[in-house]
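Structural overview
Residues per chain are reported as follows:
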Amino acid sequence: MNLGVRWTLHGDGRTPAPGAVVRPDERLSWPRTVGLGAQHVVAMFGASFVAPVLMGLDPNLAIMMSGVATAIFLLATRGTVPSYLGCSLSFVGVAAAIRASGGTSATVTGAVFVVGGVLFLAGLAVRRFGARIIHAAMPPIVTGAVVMLIGFNLAPVTASTYWPQDQWTALLVMLFTGLAVVCLRGFWSRIAIFLGLIFGYGISWVFDLVFGKIHSQSASGQVTDHWRLDLSGVSQADWIGLPTLHGPSFEWSAILVALPVVIALIAENAGHVKAVGEMTGASLDDKLGTAIAADGVASMLSTGVGGPPNTTYSENIGVMAATRVYSTAAYWAAAGFALLFGLCPKFGAVVAAIPGGVLGGITVILYGMIGLLGAQIWINAEVDLRNPLNLVPAAAGIIIGVGGVKLHFTDTFELGGIALGTIVVITGYHVLRAFAPAHLKTQEPLLDAGTSSYETDADDVSKN
């Protein structure tokens, strides 16, 4: 059985020939392949480091399980879809909402475990019925609105939790990260979040030396005198050891909050497969269902042991585009590096020590980018917001999701925020479409012959 773990040497094994690319079933020399694998790990560092910290989960376990998830994905797709699976930023708002209602880490991972299961079933449905099933249930107006409300729902987390811990560090990190994203080129612009973290560490260390302790809100929410950068946990951590594991806990209220993220994950995977197919010149449409299902299985495995969910990373698509190397051998090397990092508790302690002010500066940009990428989906699909059939459900759902509007059913059950906003967008669109006059429906076809245009750039949606 072909598992996609055999590669032929490309040319002389050094560099791709002019105008040529290294296909997924090819590789360069092993030293160069291992080096490219390390480059892929660095590319995913920023988001994969920040995401578990923001979700309150073990960053060591997150990195280790990203390596496992990548291996599962490569095996499932038989090495035809080069991809790295890292921690998804789409779930950060979900984790914040669950914790705000009293949920624990087990509650968070339990809810996301169910999302992984639904994603797996969605992948099987796409394998059986094709991409049309996605377009029928989730046209671009719906997908864009859900991605937008997921991103903007996170604004209070930055404003009330991270920014107040050190506003001046947050401001400087925000400015530096913004400049890095805009002004740097190629690979460096793709690791701008990682560079922002390094800059923030340095600024916090300098401020501690010059100004001493800061009197502000700490990570616990109490106003105290504390160091901006506390590395005491790094010296106490071991060099080698297993990350902390825990089992999931399932609560319906948390599951309903998390389920809407399935829409964002499907869009991310669809965009990734489409983009890789265009860059390699291979038709990968028949792999879309497999890719979605593999992502679901990988996320279930990760959350089943206490880690975060995973998704395909657009940062690594950028590395492939820059190097013209699409070899899955490089991704196997990246998965190996991730496993090694995950087995180093000292590495995790460094990640966990990220100052709150640094996270404040980064999340101002990151959360806003997630939200605005929903608008990018609308632009790519040429969604007409002058059409009330599009405008009304999107407007209502976004305000509900961002504002935290709630519906109380009983003393123990309520719907609000992301969950209620998504329900309003999806059901609102389809119900209104059923009763809308014909001239409103003809402005935007519900289905097309193939994949819709929004998928081309949907891989840019963060994780993200």
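A few points on the structure.

Cut-offs and rules
Residues numbered from 1 in each chain as written. Predicted model: local features only at pLDDT ≥ 70, side-chain atom pairs only at ≥ 80, totals over all residues. Heavy atoms only, no water. Salt bridge = Lys/Arg side-chain N within 4 Å of Asp/Glu carboxyl O. Buried < 20%, exposed > 50% of the residue type's maximum accessible area, 1.4 Å probe, protein only. Helix = DSSP H or I, 4+ residues; strand = E, 2+ residues; numbered from the N terminus. Expected span 1.5 Å × (residues − 1). Contact = heavy atoms within 4.5 Å.

All told, the structure shown has five salt bridges when counted by the stated rule. In this structure, the salt-bridge partner of R23 is D25, at a minimum N-O distance of 3.3 Å. A residue is classified by how much of its surface remains accessible, and D25, at 38% relative accessible area, is partly exposed. Among the ionic pairs, R23 bridges to E26, the shortest N-O distance being 3.2 Å. Bridged by salt links that share partners, the residues R23, D25 and E26 form one connected network.

Before going further, it helps to examine helix 14 (residues 288-304). Along its 17 residues, helix 14 runs 24 Å from first to last C-alpha, staying within 8% of the 24 Å computed at 1.5 Å per residue. In the stretch just after helix 14, G306 is the one whose phi turns positive, near 105°.

Mapped onto the secondary structure, A330 falls in helix 16 (residues 328-342). C-alpha of A330 to C-alpha of S83: the two residues are 247 residues apart in sequence and 9.8 Å apart in space. Residue contacts for A330: discarding those within four places in its chain leaves T33, L36, G37 and H40.

Right, let's talk about helix 3 (residues 92-100) for a bit. For helix 3, the set of buried residues is V92, G93, V94, A95 and I98. The positive-phi residue at the C-terminal boundary of helix 3 is G102, with phi of around 95°.

In short, the description is geometric, and any link to function would need to be established separately.
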